[in-house]
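Remarks on the overall topology
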Amino acid sequence: MKEQFEPNVVAFLCNWCSYAGADLAGTSRVQYQPNVNIIRVMCSGRVNPLFVINALQQGADGVLISGCHPGDCHYIEGNFYARRRFGLMKELLDYVGVDPRRFNMSWVSASEGNKWKDVVEEVVEKAKEAGPFEQFRRNKINW
Ligand code: FES
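Bear in mind that the values here come from a model prediction, so they are computed numbers and not experimental data. (Residues numbered from 1 in each chain as written. Predicted model: local features only at pLDDT ≥ 70, side-chain atom pairs only at ≥ 80, totals over all residues. Heavy atoms only, no water.)

1. Examining the pairing of strand E2 (residues 36–41)
Note the cut-off: We treat two strands as partners when DSSP finds at least two bridges between them. Numbered from the N terminus, helices here are DSSP runs of H or I no shorter than four residues, and strands are runs of E no shorter than two. Every crossover in which the path from the first strand over the helix to the second runs clockwise, viewed with the strands pointing away from the viewer, is termed right-handed.
Taken together, the six bridges between strand E1 (residues 9–14) and E2 define a ladder with parallel strand orientation. Its bridge partner being in E2, Cys-14 is matched across the sheet by Val-41. Read as a crossover between parallel neighbours, the route from E1 over helix H1 (residues 18–27) to E2 is right-handed.

Right, here's the structure in full:
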């Protein structure tokens, strides 16, 4: 019997909204898939595009960046920078052959524990559809 592929998703969550939303989902005992490894950052604007590349090189099959809703950023405009930066990055990854289903952004507030669950389910489902990601693995790159 063939084992089902379980993707490894790395999620960068801003401290003030999305991390609190994920925490709320946990304290509310909302069940969601365990495929997401959360990295807390102070703001979605803090996420450097190299963090995404590094995650993909080190074993992630999908990446999620999540922050406060536009207009709610704790640092006023960090998520605006993130939205513009990662919109471009998604196109760049697509250009170099990375399936766009592997790269996701979302806005989840501290009160949206159920939305967090929905986001995780969608991101994990897309990563499953895209399959295992081997393209950027460090040992596969010929420098
Ligand atoms: Fe949450 Fe900036 S503090 S996105």
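Past the structure itself, the notes keep going.
2. Section: the pairing of E1
Put simply, the test is: Exposure classes here rest on a 1.4 Å probe applied to the protein chains alone. A residue is buried below 20% of its type maximum, exposed above 50%, and partly exposed in between.
The buried count for E1 comes to six of six residues, which makes it a mostly enclosed element. Alternating positions in E1 separate into two faces, Val-9, Ala-11 and Leu-13 on one and Val-10, Phe-12 and Cys-14 on the other, with burial throughout. Pairing of E1 with strand E3 (residues 62–67), which is carried by five bridges, proceeds in the parallel orientation. In the strand pairing of E3, Phe-12 is matched with Ile-65.

3. Overview of the nonpolar core
Operational definition: In this description, a nonpolar core means a group of buried Ala, Val, Leu, Ile, Met, Phe, Trp, Tyr and Cys residues linked to one another through side-chain atoms lying within 4.5 Å. Note on contacts: a residue pair qualifies if any of its non-hydrogen atoms lie within 4.5 Å across the two residues.
If you look at the biggest cluster of nonpolar residues, it comprises 18 residues, and the most contacted ones within it are Phe-12, Val-52, Val-63, Ile-65, Phe-86, Leu-93 and Phe-103. Elements with a minimum of two residues in this core: E1, helix H2 (49–57), E3 and helix H3 (78–95). Of all the elements, H3 adds the most residues to this core, at four residues. Among residues more than four places away in sequence, those in contact with Ile-65 are Phe-12, Ser-44, Val-47, Val-52, Phe-86, Phe-103, Asn-104, Met-105 and Ser-106.

4. A closer look at the packing of aromatic side chains
Test applied: Any two rings among Phe, Tyr and Trp, with Trp reduced to its six-membered ring, count as a pair given centres within 6.5 Å; such a pair is stacked if its planes are under 30 degrees apart, edge-to-face if over 60, and tilted if neither. The rule is short: NZ of Lys or CZ of Arg within 6 Å of the ring centre and within 35 degrees of the ring normal puts a charge over the ring.
Scanning the model with the defined rule gives four aromatic pairs in all. Between Phe-133 and Phe-136, the ring centres sit 5.3 Å apart and the planes meet at 70°, which makes this aromatic pair edge-to-face. Accessibility classification places Phe-133 together with Phe-136 in one group, the buried group. Positioned above the aromatic ring of Tyr-19, the side-chain terminus of Arg-40 is 4.2 Å from the ring centre.

5. Quick word on a nonpolar patch on the surface
To keep things clear, this is the line we draw: What goes into a patch is any residue over 30% in relative accessible area without a salt bridge, connected to like charges within 9 Å or, for nonpolar side chains (Val, Leu, Ile, Met, Phe, Trp, Tyr), within 5 Å. Note on areas: Shrake-Rupley with a 1.4 Å probe; residue coverage comes only from the protein chains shown. Any carboxyl oxygen of Asp or Glu within 4 Å of a side-chain nitrogen of Lys or Arg constitutes a salt bridge here.
A cluster of nonpolar residues, Trp-16, Met-42 and Tyr-75, forms a patch on the protein surface that exposes about 300 Å² of accessible area. As for its position among the elements, Trp-16 is in the loop between E1 and H1.

6. Digging into the environment of Asn-48
Selection criterion: Contacts described as polar in this section are N or O atom pairs within 3.5 Å, which, within protein, must combine one atom able to donate a hydrogen with one able to accept it, while residues neighboring in sequence count only if both atoms come from side chains.
Locating Asn-48 in the fold gives a position in the loop between E2 and H2. Assessed through its relative accessible area of 32%, Asn-48 is described here as partly exposed. Each C-alpha atom of the pair Asn-48 and Asn-79 lies 12 Å from the other, and the pair is 31 residues apart in sequence. Reaching out from Asn-48, the side chain makes a polar contact with the backbone nitrogen of Leu-50 at a distance of 2.8 Å.

7. Comments concerning the sheet that holds strand E4 (residues 103–107)
The line we're drawing: Where helices are involved, their axes are fitted lines through C-alpha atoms of the stretch in contact, as for all axes, and angles between N-to-C directions lie from 0 to 180°.
Read across the open sheet, the four strands follow the order E2-E1-E3-E4; overall the sheet is parallel. Because the sheet does not close on itself, it has two edges, and the strands there are E2 and E4. The average undirected angle you get between the axes of adjacent strands in this sheet is 20°. Against the sheet, H1 makes contact with E1, E2 and E3, and its axis sits at roughly 115° relative to E1, the strand it touches most. Contacts between H2 and the sheet are confined to E1, E3 and E4, with E3 contributing the most and set at about 145° to the helix.

8. Things to note about the pattern of salt bridges
Enumeration over the complete set of coordinates arrives at five salt bridges. For Lys-128, the salt bridge is made with Glu-6, and the minimal N-O distance between the two is 3.8 Å. You can see Lys-128 sitting in helix H4 (residues 113–130) and its partner Glu-6 sitting in the segment before E1, a full 122 residues away along the chain. The salt bridge partner of Glu-129 is Arg-101, with a shortest N-O separation of 3.5 Å. Of the two residues, Glu-129 is situated in helix H4 and Arg-101 in the loop between H3 and E4; the sequence distance between them amounts to 28 residues.

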